[in-house]
Amino acid sequence: MDATIRPPTAARTGVVPAAGAAPSAEEFLVKCERDFTIVRRLGTDILVAQHADFRRETLERVLHVVTMFFKFDFGYQEQFMFTNRYPGCDAHARQHQRYVHELDKIKRAFDWRADVYDDVRRFYSDLVGNHIAVSDAGLVDYTRRELVS
Ligand SMILES: [Fe+2]
């Protein structure tokens, strides 16, 4: 096995390790499509919240969904990468770790800062632009190219 590929980061981040066997490539791709739909919806919610009276409630809900997403889906993704010896597995998992820490910081600030809109928007924009659209999309491309029979 490639020495640079290490087991999922669950123990280091609080991410819940995926239970059971890793999904097939086809199952993984279907789940990614579903996740990308949720990601787009949350992005829209954040933009709409910019002009809404209920902005804080919307952001709270968005952060809750992102928390659940990180908790369960990062472990799922890491298990899939590890099982399939994805070459970028460790670097990708380290990015997950960084986003978990960033999210924690924003959630802590949420309770005492009057307006966390810009923090949430910046965080989400970074997550989508630098992780989902690059790292996750790269994993999806790799899965389609190398793992789908
Ligand atoms: Fe990822």
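Source: prediction; values computed, not measured.

## What to know about helix α4 (residues 89-110)
Reasoning step 1: Taking 1.5 Å per residue, 22 residues should reach 32 Å; α4 reaches 32 Å between its end C-alpha atoms and fits that length.
Reasoning step 2: Taken as a whole, α4 has its buried residues at C89, D90, H92, A93 and H96. Across the axial projection of α4, the buried residues extend over an arc of 160°, all falling on one side. Those residues of α4 that are exposed and angled more than 90 degrees off the buried face are A91, R98, H101, K105 and A109.

## Observations concerning the nonpolar core
Taken as a class, soluble globular proteins show a tendency for nonpolar side chains to be buried jointly.
Reasoning step 1: Grouped together as the largest cluster of nonpolar side chains are 13 residues, with contacts concentrated most on I46, L59, V62, V120, F123 and Y124.
Reasoning step 2: Among the secondary structure elements, those contributing two or more residues to this core are α2 (25-49), α3 (55-83) and α5 (117-147).
Reasoning step 3: Setting aside residues up to four positions removed in sequence, L59 forms contacts with A49, V116, Y117 and V120.
Reasoning step 4: One finds F28, F80, Y86 and L139 within the second-largest nonpolar core, a separate group that totals nine residues.

Cut-offs applied
Residues numbered from 1 in each chain as written. Predicted model: local features only at pLDDT ≥ 70, side-chain atom pairs only at ≥ 80, totals over all residues. Helix = DSSP H or I, 4+ residues; strand = E, 2+ residues; numbered from the N terminus. Expected span 1.5 Å × (residues − 1). Buried ≥ 20, exposed ≤ 12 C-beta atoms within 10 Å, placed from the backbone. Arc of directions from axis to C-beta. Core = buried A, V, L, I, M, F, W, Y, C linked by C-beta atoms within 7 Å. Contact = placed C-beta atoms within 7 Å.

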